[in-house]
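Read off the chains here:
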Amino acid sequence: MTAYSRADALAADAADPLAGRRDAFVLPDGLIYLDGNSLGPLVRASAARVTGTVTDEWGQGLIASWNTAGWMDLPLSIGDRIAPLIGAGPGEVVATDSLTILLAKAIGAALALRPERSTVLTDAANFHTDLYILEAMARRAGRPLQVRALERGDLAGALDDSVALVMLTHVDFRTGEMLDLAGLTAQVHRAGALMLWDLAHSTGAVPVDLTGAGADFAAGCTYKYLNGGPGSPAFLWIAPRLVGEVANPLPGWLGHARPFDFEATFTPAPGIRGFVTSTPSILALAALDGALDAFDGIDPAALRAKSLALTDLFIALVEERLPGALALVTPRDHARRGSQVAWRHPAAYGIVQALIARGVVGDFRAPDIARFGFAPLYVRYVDVFDAVTHLAAVLEAGEHLDARHATRRAVT
Ligand SMILES: *Cc1c(COP(=O)(O)O)cnc(C)c1O
C-alpha cells in the first residue's frame, strides 16, 4: 500500500460536496484553523449583517427598529434557525444569554418539576462551569439536594427513584467522546428523572435529534461550531410537552406575556419566550443570525460524513508518520466520536504553541491534552495533511521543547 499523499488530499477536496462552503468564511491566508470548536471563524454574511444592523437599523431606525426590524422576535427567529440542527421544531428554541446562564434556568426549571426527589447526577469530567452552576442551583432549590459527579459509565448504577435530574455534556470538551444521547435519555426516563443535555460541542458538528430522543432540556453555545462570534448568545430548548409546566427561575420583563403593560406580577409569555429574561444584545444576535447563513441548505448527513472522514484521516496520518509519539484520547469508534481529535503528550502545551507558531491553530487543555477541532464547513483534507506535516516537523526538531513555547498565556 502506498502512503496517503498530499495529492490524495487535494483529490479528496476536489470531490468534496461541501468544499464550496469554505468561501462563506473569512480565513486568514496560510492559516490552518483547527480551533473552530473553541471560537468559530468569521462568516462573511455575519459581518455584513452586523454592519447593516449598526448603520441602518440602529443608526437610522433607532428605537423604531424594535418594531420594524424584528428585534423583539430575534431570540425566537434565530432559535428557529438553530432548531433543525438539533432536531427541534419551530418556536421551541430561544437564543439569549450565555450558556452558563441558560443551564441555570434549565436546572432550576427541571428541579421544580421533581420536588419529591433529592439527587442530581452529572459527570465528574464535565466542563467546570457546568459543575459550578449545577452545585449552585441545587443549593438554591429550597430543599436539600445532593449533587453527585460520577465517573463515566457509573450512571446506570446511580439511577434510582431519588434522582430528579441528570445533566450531561453530549460531546466531551477534552476527549471528544460523544455520548449516546437517545440511549441515555431513555435510561434516565426509566428512573423517572429528567435529562438536561449540554450541546456546546455538538451543535453544528454532529447530528442531534432531541425530539427523536424524547429529551427534556438542552442548551448550547453558538460561538463554537456555529461561528456566532466571541461571546455570542447561547440557546435553550425545552420539550414542548414540558414548556407549559415549567417556570423560568430568572423571570424578567421580556419574558412577560405583556412586557409593555408594566404589570407588577410576572405572567410568563407562552412557550419558550417565557425564558427570555432581559433586553437581548441585538448586535450579538445580528452577528449570530448572519453566521447561521453558512448552514443554509446543508445536509446534516453530509456534514457528519465529512467530519468523520477528516478526523479518521488525521488519526491515521498521525499514527502513520509519528508512531507511538502521541496517545490518542478520542474514541476510534465513529458512534462515540464528536468532531475533534485529542492527543495526550507530556509536552502538549509546547506542541500546541509550536504548531501555532507555524500557522496551525489547535488548543491545549490541562493537564496534557492537545486538541484539534475539525469543522467540516471550512476545514479541507489538505489542511489535515499539512497539519500533520507540521506536527511531525515540530516533534522531529524538538520545537515543542523550546523555552519560548513554555510560558502559559491566559487563554490556552
Ligand atoms: C464552551 C462550554 C461552556 C461555556 O460556557 P459559557 O457560559 O458560554 O462561557 C460551557 N459548557 C461546556 C460543556 C462548554 O463546552
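Asker: Can you walk me through the overall build of the chain in this structure?
Answerer: Per the secondary structure count, the chain includes 14 helices and 13 strands. By the compact-globule yardstick of 22 Å for 412 residues, the chain fits well, its C-alpha radius of gyration being 22 Å. In the chain, which comprises 412 residues, the share counted as buried stands at 55%. Just so you have it, the chain exposes about 17000 Å², and 57% of that area is on carbon and sulfur atoms. With 34 positive and 44 negative side-chain charges, the chain shows a separation of 3 Å between the mean positions of the two kinds.

Asker: I would appreciate a short explanation of the pairing of strand 10 (residues 340-344) in the present structure.
Answerer: For a regular strand, the rule is simple: side chains alternate between the two faces of the sheet. Most of strand 10 is tucked away: four of the five residues are buried. Pairing geometry for strand 9 (residues 327-328) and strand 10, over two bridges, is antiparallel. Pairing of leucine 328 across the sheet is with tryptophan 343, part of strand 10. Here strand 10 pairs with strand 13 (residues 369-373) via five bridges, running antiparallel. Of the residues in strand 13, the one forming a bridge with arginine 344 is isoleucine 369.

Asker: Would you mind showing me how to read the sheet that holds strand 3 (residues 119-123) here?
Answerer: Sheet strands pair by backbone hydrogen bonding; their relative direction is either parallel or antiparallel. Across the sheet, seven strands lie side by side as 2-8-7-6-5-3-4; this open sheet has mixed pairing. Only two strands of the sheet have a single neighbouring strand rather than two, namely strand 2 (93-96) and strand 4 (146-150). Averaged over neighbouring strand pairs, the angle between their axes works out to 15° when direction is ignored. For strand 2 and strand 8 (residues 234-238), the ladder comprises four bridges, and the chain directions are antiparallel.

Asker: Mind showing me how you'd approach the nonpolar core here?
Answerer: The tendency in soluble globular proteins is for nonpolar side chains to be buried as a group. If you look at the biggest cluster of nonpolar residues, it comprises 131 residues, and the most contacted ones within it are Ile86, Ile107, Leu165, Trp197 and Phe217. Each of domain 1 (6-30 + 299-405) and domain 2 (48-295) gives at least three residues to this core. With sequence-adjacent residues up to four places away left out, isoleucine 107 is seen in contact with Ile133, Leu134, Met137, Leu165, Met167 and Leu196.

Asker: For this particular structure, what's the right way to read helix 13 (residues 348-357)?
Answerer: A large share of helix 13 lies buried, amounting to eight of its 10 residues. Those residues of helix 13 lying buried are Ala348, Tyr349, Gly350, Ile351, Val352, Gln353, Ala354 and Leu355. Buried residues belonging to helix 13 abut strand 11 (360-361), strand 12 (363-365), strand 13 and helix 14 (381-397).

Asker: Is there a simple way to explain the domain arrangement of the chain in this structure?
Answerer: It is common to give the size of an interface as the accessible area lost on bringing the parts into contact. The domain architecture assigned to the chain consists of domain 1 (6-30 + 299-405) and domain 2 (48-295). The gap between the C-alpha centroids of domain 1 and domain 2 is 30 Å. Counting residues at the interface gives 25 residues for domain 1, matched by 18 residues for domain 2. Roughly 1600 Å² of surface becomes buried between domain 1 and domain 2 when both sides are summed, with 58% attributable to carbon and sulfur atoms. There are one salt bridge connecting domain 1 and domain 2. Counting every contact that joins domain 1 to domain 2 gives nine residue pairs in polar contact (both at pLDDT 80 or more). Mapped onto the side of domain 1 that touches domain 2, the elements with two or more residues apiece are helix 12 (300-321), strand 10 and strand 13. Taken together, the residues that form the side of domain 1 that touches domain 2 break down as 12 nonpolar, seven polar and six charged.

Asker: Even after reading the chapter, I still don't get the pattern of salt bridges, so can you show me in this structure?
Answerer: For side chains bearing opposite charge, pairing can occur when the charged atoms are close. Under the defined criterion, the tally for this structure stands at 27 salt bridges. Arginine 117 is the salt-bridge partner of glutamate 116, the closest N and O atoms lying 3.8 Å from each other. In this structure glutamate 116 comes out as exposed when scored by relative accessible area, which is 59%. Residues aspartate 261 and arginine 258 are paired through a salt bridge, measuring 3.7 Å at the closest nitrogen-oxygen approach. According to the relative accessible area criterion, arginine 258 is partly exposed, its value standing at 36%. A network of salt bridges, in which partner residues are shared, links Arg49, Glu57, Arg81, Asp289, Asp293 and Asp296.

Asker: What is the right way to read the pairing of strand 8 from this model?
Answerer: With respect to burial, strand 8 is a largely interior element, five of its five residues being buried. Of the pairings in the sheet, the one linking strand 7 (residues 217-220) to strand 8 comprises four bridges and is antiparallel in character. Bridge assignment links glycine 220 to a residue of strand 8, and that residue is phenylalanine 235.

Asker: Explain a nonpolar patch on the surface here, please?
Answerer: There is a patch of nonpolar side chains on the surface, built from Val54, Trp58, Leu62, Ile63 and Leu283 and spanning about 500 Å² of accessible area. One can find valine 54 in helix 2 (residues 44-58).

Asker: Quick question: what am I supposed to make of unusual backbone geometry here?
Answerer: Backbone torsion omega between alanine 366 and proline 367 reads 0°, so that peptide bond is classified as cis. Assignment of secondary structure puts proline 367 in the loop between strand 12 and strand 13. In the Ramachandran plot, leucine 62 falls in the positive-phi region, its phi being about 45° despite a non-glycine side chain. Its location among the elements puts leucine 62 in the loop between helix 2 and helix 3 (65-68). Of note in the backbone geometry, aspartate 97 takes a positive phi value of approximately 55° without being a glycine. Structurally, aspartate 97 can be placed in the loop between strand 2 and helix 5 (99-113).

Asker: Help me understand the environment of glycine 183, please; the structure alone is not making it clear to me.
Answerer: Tracing the backbone shows glycine 183 in helix 8 (residues 181-190). Judged by relative accessible area, which is 26%, glycine 183 ranks as partly exposed. Considered as a pair, glycine 183 and alanine 213 are 30 residues apart in the sequence and their alpha carbons are 7.8 Å apart.

The rules behind the values
Residues numbered from 1 in each chain as written. Predicted model: local features only at pLDDT ≥ 70, side-chain atom pairs only at ≥ 80, totals over all residues. Heavy atoms only, no water. Helix = DSSP H or I, 4+ residues; strand = E, 2+ residues; numbered from the N terminus. Rg over C-alpha atoms; globule rule 2.2 N^0.38 Å. Buried < 20%, exposed > 50% of the residue type's maximum accessible area, 1.4 Å probe, protein only. Areas by Shrake-Rupley, 256 points an atom, 1.4 Å probe, with all protein chains shown as cover. Lys, Arg positive; Asp, Glu negative; His and termini not counted. Charge placed at Lys NZ, Arg CZ, Asp CG, Glu CD. Pairing = 2+ DSSP bridges. Axes fitted to C-alpha atoms, helices over the stretch in contact; angles between N-to-C directions. Core = buried A, V, L, I, M, F, W, Y, C linked by side-chain atoms within 4.5 Å. Domains from an automatic or database assignment. Contact = heavy atoms within 4.5 Å. Buried area = accessible area lost by both parts, 1.4 Å probe. Salt bridge = Lys/Arg side-chain N within 4 Å of Asp/Glu carboxyl O. Polar contact = N/O pair within 3.5 Å; in protein donor to acceptor, adjacent residues only side chain to side chain. Nonpolar A, V, L, I, M, F, W, Y, C, P; charged D, E, K, R; others polar. Patch = residues over 30% accessible without salt bridge, like charges linked within 9 Å, V, L, I, M, F, W, Y side chains within 5 Å.

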